[in-house]
Amino acid sequence: MEFKGKVVVVTGASAGLGRAIVREFARQGANLGLLARGKDGLEGAKKEVEDFGGKALAIPTDVSQPDQVEAAADQIERELGPIDIWVNNAMISVFGPFKKLEMKDFKQVTEVTYLGQVYGTQSALKRMLPRDRGNVILVGSALAYRGIPLQSAYCGAKHGIQGFFDSLRAELLHDKSKVNLSMVQLPAMNTTQFGFVKSYLPNKPQPMGTIYQPEVAAQAIAYIAKNPRREMRVGYPTVESIIGNKIAPGLLDKFLGSTGYEGQQTDEPKDPDRKNNLYEPLPGDHGAHGTFDTNSWSFSPETWATTHKLATWGTLISLAAVTIGLIVSRK
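Calculation notes
- Each chain has its residues counted from 1, following the order in which its sequence is written.
- Predicted model: local features are reported for residues with pLDDT of at least 70 only, side-chain atom pairs are reported and counted for 80 or more only, and whole-chain, interface and lining totals are derived from all residues.
- Hydrogens are left out, water is left out, and the side-chain values use all remaining heavy atoms of the structure.
- By definition, two strands form a pair when at least two bridges between them are found by DSSP.
- Every helix listed is a DSSP run of H or I at least four residues long, and every strand listed is a run of E at least two residues long, numbered separately from the N terminus.
- Two rings from Phe, Tyr or Trp (for Trp, the six-membered ring) form a pair when their centres are within 6.5 Å of each other. A pair whose planes differ by under 30 degrees is stacked, one over 60 is edge-to-face, and the rest are tilted.
- Accessible area is worked out with a 1.4 Å probe on protein chains only. A residue is then buried under 20% of its type maximum, exposed over 50%, and partly exposed in between.
- Remark: a charge is flagged as sitting over a ring if the NZ atom of Lys or the CZ atom of Arg is within 6 Å of the ring centre and within 35 degrees of the ring normal.
- When a carboxyl oxygen of Asp or Glu lies within 4 Å of a side-chain nitrogen of Lys or Arg, that pair is called a salt bridge.

Re the sheet that holds strand β8 (residues 188-189)
What the three strands build is an open sheet, ordered β8-β11-β14; its pairing is parallel. Each of the sheet's edge strands pairs with one partner strand only, and the pair in question is β8 and β14 (296-297). Sheet analysis places β8 next to strand β11 (residues 211-212), joined by two bridges and oriented parallel. Residue Ala 188 lies in a different strand from β11, and its bridge partner there is Ile 211.

Regarding the packing of aromatic side chains
If you walk through the whole model with that rule in mind, you get five aromatic pairs. Relative to Phe 194, the ring of Phe 95 lies with its centre 6.1 Å away and its plane at 80 degrees, an arrangement referred to as edge-to-face. Placement of Phe 95 in strand β5 (residues 94-95) and of Phe 194 in helix α6 (residues 193-196) is noted, with a sequence separation of 99 residues between them. The exposure class of Phe 95 is buried, given its relative accessible area of 0%. A centroid spacing of 6.3 Å and a plane angle of 50 degrees characterise the contact between Tyr 212 and Trp 297, whose relative ring orientation is tilted. With Tyr 212 in strand β11 and Trp 297 in strand β14, this pair connects stretches of sequence that are 85 residues apart. Tyr 212 gets classed as buried once you look at its relative accessible area, which sits at 5%. Residue classification places Trp 297 among the partly exposed residues on the basis of a relative accessible area of 46%. Across the ring face of Tyr 145, the terminal group of Arg 233 is positioned such that the distance to the ring centre comes to 5.5 Å.

Thoughts on the pattern of salt bridges
Opposite charge on two side chains permits pairing when their charged atoms draw close. Under the criterion given, the structure shown has 19 salt bridges. A salt bridge links Arg 23 to Glu 48; the shortest N-O distance between them is 2.9 Å. Highlighted residues: Arg 23 in helix α1 (residues 16-27) and Glu 48 in helix α2 (residues 39-51), separated in sequence by 25 residues. Judged by its relative accessible area of 26%, Arg 23 falls in the partly exposed class. Its salt-bridge partner being Asp 166, residue Arg 230 comes within 2.7 Å of it at the nearest N-O pair. Taken together, the positions of Arg 230 in the loop between α7 (214-226) and β12 (231-233) and Asp 166 in helix α5 (residues 152-174) put the pair 64 residues apart, joining distant regions of the chain. Overall, the relative accessible area of 34% leaves Asp 166 in the partly exposed class. Taken together, the salt bridges that share partners define one network made up of Arg 19, Arg 23, Glu 48 and Asp 285.

What to know about unusual backbone geometry
At Asp 132, a residue that is not glycine, the phi angle is positive and equals roughly 60 degrees. Residue placement: Asp 132 occurs in the loop between α4 (103-131) and β6 (135-139). One non-glycine residue, Leu 150, lies in positive phi territory at about 75 degrees. One can find Leu 150 in the loop between β6 and α5.

Nothing here speaks to function; it is geometry throughout.
This is the structure we're talking about:
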């Protein structure tokens, strides 16, 4: 019950990763402010929090509208109490070559995925800074450092969040504020977004590379809320992408140009009547998982090592001592 009595706000709380984040904080005793557009998913999330014994406030909110975000924050503080943790998770995307995208769609992705985090952070800081305490967590991606084909709007938004994060964190340090600002960079995940996104692709979209269940990321986000640090990179593919792009970005351009199209599509043609959530939420309660359960990892050794440093270093030191002892005994 690490968060018992704490008030946590999660944007994009109705489905996918946001739903997994809600469950993780509720499991650890938090009371939650739930922000998203989908009313059915919000009610499902609210019930799950209450089943864990917590209080929940479900507020239909479009995070691309700063007035709605601010009104939601005000309501949460009135009804649940001071906000301790704010998790900026809401996102939407569109899949397709940039040359085919409608600019209104590109604008919509930018306003929700990038500006939604900006507006959420502003509302959180408005309340946390006078109290000089609180945690704000920005949900990023390996794509905040390394863009991939067919997701130019989403990659651009995640890059924007990264730049915003760097700038704001420096300002908070200048002011000697005790409010923590963190960013969690995520790998490909088995969430509902691949069934929701608007897509120009001939086949159904899928996550590219190693896929993780959303609970892996949700646990990392709860960990960084308890143990604030600047940044956490979840999953080895995230670390690999970020470091690889620093070393050989041109090589990755060529590699992704040749593999990125097929890697983001299944072999199954998309439904011509497929609906998307770009402008309106899809009805129903869709939960946290997508359709890739059989191909998804429920555990990340790299993330476990990052969040259990004492055990990791103890194991490494023990192995080194045993190795040295064997070498000495043989000599």
